[in-house]
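A structural walkthrough
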Amino acid sequence: MANFSVGDIIEVEVSGIANYGIFTNADFEYKGLIHISEVSEHFVKSLFDYVSLGEHIICEILEVDEVNKQLKLSIKNINYKNKK
């Protein structure tokens, strides 16, 4: 179990892709969501152009919900394909 904080840069696994965002697994307990607005400064036609299921990517934590064990994440301003 990790201790997550706003501003942390973490590695996650892509667990799902929807029209509105990318679902991730941060660890065995915490899940995350990268809303489509947090993917790029430019128009995003398809999230499949950015990530693939099962891929490991780097994200920035925007919010931590300790009660529901959920993270709000962003890849907009970081090089999300590079490892930490």
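Residues numbered from 1 in each chain as written. Predicted model: local features only at pLDDT ≥ 70, side-chain atom pairs only at ≥ 80, totals over all residues. Heavy atoms only, no water.

1. A closer look at the sheet that holds strand 3 (residues 31–35)
Note on sheets: strands pair through backbone hydrogen bonds, and any given pair is parallel or antiparallel. What counts, and what does not: Pairing between two strands requires that DSSP report at least two bridges joining them. Numbering goes from the N terminus for both helices and strands, where a helix is a DSSP run of H or I of at least four residues and a strand is a run of E of at least two. Between N-to-C directions, angles span 0 to 180 degrees; the directions come from axes that are lines fitted to C-alpha atoms, helices contributing only their stretch in contact.
Pairing is mixed in the closed barrel, where five strands are placed in the order 1-2-3-5-4. Shown here is a sheet whose adjacent strand axes are inclined to one another by a mean of 50°, direction ignored. In terms of strand pairing, strand 3 meets strand 5 (residues 70–74) through four bridges, oriented parallel. When the bridges of strand 5 are listed, Leu33 appears paired with Lys72.

2. Regarding the nonpolar core
Defined as follows: Nonpolar core, defined: a set of buried Ala, Val, Leu, Ile, Met, Phe, Trp, Tyr and Cys residues in which side-chain atoms within 4.5 Å join the residues together. Throughout this description, buried means an accessible area under 20% of the type-specific maximum (1.4 Å probe, protein chains only), exposed means over 50%, and partly exposed covers the range between. Residue contacts are defined here by distance: any two heavy atoms, one from each residue, within 4.5 Å place the two residues in contact.
Ranked by size, the top nonpolar core spans 20 residues in total, and within it Ile10, Ile34, Ile57, Leu71 and Leu73 carry the most contacts. Sorting the residues of this core by element identifies strand 1 (9–18), strand 4 (56–65) and strand 5 as the ones contributing at least two each. Top contributing element to this core by residue count: strand 1, with four residues. When sequence neighbours within four positions are dropped, the list of residues in contact with Ile57 reads Ile10, Glu11, Val12, Val14, Ile34, Val51, Ile75 and Tyr80.

3. Concerning the side chain of Thr24
Secondary-structure assignment places Thr24 in strand 2 (residues 21–25). Setting aside residues no more than four positions away along its own chain, Thr24 makes contact with Val12, Glu13, Val14, Ser15, Lys31, Gly32, Leu33, Ile34 and Leu73.

4. Describing the side chain of Ser74
Short version of the rule: Under this definition, polar contacts are N or O atom pairs within 3.5 Å; protein pairs additionally need one hydrogen-donor-capable and one acceptor-capable atom, and for neighbouring residues in sequence, both atoms have to be side-chain atoms.
Structurally, the position occupied by Ser74 is in strand 5. On the basis of relative accessible area, Ser74 is assigned to the buried category, the value being 3%. Among the polar contacts listed, one links the side chain of Ser74 to the side chain of Glu38, at a separation of 2.8 Å. Among the polar contacts made by the side chain of Ser74, one reaches the main-chain amide nitrogen of Lys76 at a distance of 3.2 Å. When sequence neighbours within four positions are dropped, the list of residues in contact with Ser74 reads Ile34, Glu38, Cys59, Glu60 and Leu62.

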